[in-house]
Amino acid sequence: MSAPPYSEDPEVAQLLPFLPHRMREELVTLGTWGIREIIMDLGRSPEVRYEQERIVLCGEVTKEEIQYVASRLDRFREDNRTGVERTLHRIACIRDRYGSIVGYTFRVGRALIGAAEPLRDLLETGKSLLFLGPPGVGKTTLLRDSARILADDLQRKVVVVDTSNEIGGDGQIPHPAIGRARRLQIPAADPSRPNFRAQAHVLLQALTNHNPEVIVVDELGYEEDARIARTIAQRGVQLIATAHGRRLHDLLYNPDLSDLVGGTQVVLLTQEEVLARGLTRRVTWERIGPPTFEVVVEVLEKGLLAIHDRVAESCDRLLRGLVPQPILRELRSTPSRENKISGIDNHNNF
């Protein structure tokens, strides 16, 4: 078992008051350290998921227990989520076809202070920085701690645009893990305006209304997001963000987001240009302009980063069919312990 018997986790302790009494007692007996999720479904036994183990609790969840949890929570948003004030915990409900709640997922959120410390040298430069990587590798953790470093340690005016409340948590008061950074939340989707991109609108508000030196935003995913991001960078505001995509290659060939790294276009070369470049085809891809983000950090896995500190050069190499040469950095190491990546397998898997 990943959690020592009877060990208590102060983060989980903030969720216990929302659980039925018999579940609280059983969790205290098992130990709460390392809990990632608590699952309640009507008519089924509750589950507790630790880092590497799943435990099924005694007894089936009753309607009274479902109602008990609902009575302890604020209202759920349209996306069936809510949270606990000043925490990173998220509580999601499951409803039946009539709208009645029949289940809950309690997701334990933990802040890792100092997670972005090995990236301090990049943050200090004032250059815009983009995190890429698959889900679950810690991009939002790095983003959150970057906001804290910039706001508290570097004394910059930081505004966080919190797309899904992953950075600062649910509730009106953000989690202290973002330090003195201010936080703007994204309003709930308006069914009458299906094409309205609320995140891009709030990004523009952050820029024009609050005079930031740094804007931090999670999950850039649409063409309008990319357009506003370029506007922010052109105003001289440092932008720290994550985007949809696992690798730089994914972003480069994403028609909605490629502008974040300069954009791409198809070019028809003359025969002379083909010979001069040593190519075999007349049709090729080229970068249109300078990247919005001057640094791209690929989170390859937890604790391992590939840093493209010359994004334009990396993109041009990819467009020519060559392997980029980012800097490999381990989060547990100091910035001086770096290695150039040259043709590692991860960059060949296009």
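Residues numbered from 1 in each chain as written. Predicted model: local features only at pLDDT ≥ 70, side-chain atom pairs only at ≥ 80, totals over all residues. Heavy atoms only, no water.

This part covers the overall build of the protein. When its secondary structure is counted, the protein shows 11 helices and 17 strands. Within the span of the protein, comprising 350 residues, buried residues form 46% of the whole. For the protein, the proportion of contacts with a sequence separation of at least 24, taken over those separated by at least 6, is 58%. Counting only carbon and sulfur atoms, one obtains 47% of the accessible surface of the protein, whose full area is about 18000 Å². (Helix = DSSP H or I, 4+ residues; strand = E, 2+ residues; numbered from the N terminus. Buried < 20%, exposed > 50% of the residue type's maximum accessible area, 1.4 Å probe, protein only. Contact = heavy atoms within 4.5 Å. Areas by Shrake-Rupley, 256 points an atom, 1.4 Å probe, with all protein chains shown as cover.)

Within the open sheet, the six strands sit side by side as β3-β2-β1-β6-β5-β4. Their pairing is antiparallel. A single partner strand is all that each edge strand has here, and the edge strands are β3 (54–56) and β4 (81–83). Across this sheet, the average inter-strand angle for adjacent strands is 20°, counted without regard to direction. Looking at chain direction, strand β5 (residues 90–95) and strand β6 (residues 101–107) are connected through six bridges and run antiparallel. Within β6, the residue paired with A92 across the bridge is T105. Lying on the sheet, helix α2 (residues 21–30) is in contact with β1 (35–41), β2 (47–50) and β3; it crosses β1 at an angle near 150°. Strand contacts of helix α3 (residues 63–72): β1 and β6, with the helix running at about 55° to β6, the strand carrying the most contacts. (Pairing = 2+ DSSP bridges. Axes fitted to C-alpha atoms, helices over the stretch in contact; angles between N-to-C directions.)

As a further point, take the confidence of the model for the protein. The predicted coordinates of low-pLDDT regions are not to be read in fine detail. When the pLDDT values of the protein are averaged, the result is 89; 91% of them are 70 or greater. Mean pLDDT across the elements of the protein ranges from a minimum in helix α11 (residues 345–348), with 38, to a maximum in strand β7 (residues 129–132), with 98. Counting contacts from residues 1–6, a segment whose pLDDT is below 50, to residues more than four positions away or on other chains yields 18 contacts. Confidence over residues 333–338 falls short of pLDDT 50; this stretch has eight contacts with residues more than four positions distant or in other chains. (pLDDT = per-residue confidence, 0-100.)

Judged by side-chain polarity, Y253, V266, L268, V283 and W285 come together as a nonpolar surface patch covering roughly 480 Å² of accessible area. Taken together, the elements giving at least two residues each to the nonpolar patch come down to β12 (264–268) and β13 (283–287). Following the sequence through the fold, W285 ends up in strand β13. Since its relative accessible area comes to 37%, W285 is described here as partly exposed. (Patch = residues over 30% accessible without salt bridge, like charges linked within 9 Å, V, L, I, M, F, W, Y side chains within 5 Å. Salt bridge = Lys/Arg side-chain N within 4 Å of Asp/Glu carboxyl O.)

Below, the discussion takes up the pattern of salt bridges. As enumerated under the stated definition, the model contains 20 salt bridges in all. R107 is the salt-bridge partner of E166, the closest N and O atoms lying 3.5 Å from each other. You can see E166 sitting in the loop between β8 (158–162) and β9 (182–185) and its partner R107 sitting in strand β6, a full 59 residues away along the chain. Among the residues examined, E166 registers a relative accessible area of 19% and is labelled buried. Its salt-bridge partner being D121, residue R329 comes within 3.0 Å of it at the nearest N-O pair. Pair noted here: R329 is in strand β16 (residues 327–330) and D121 is in helix α4 (residues 120–124), with a separation of 208 residues, a long-range link. Since its relative accessible area comes to 3%, R329 is described here as buried. The network of salt bridges with shared partners includes E117, R120, D145, R148 and D153.

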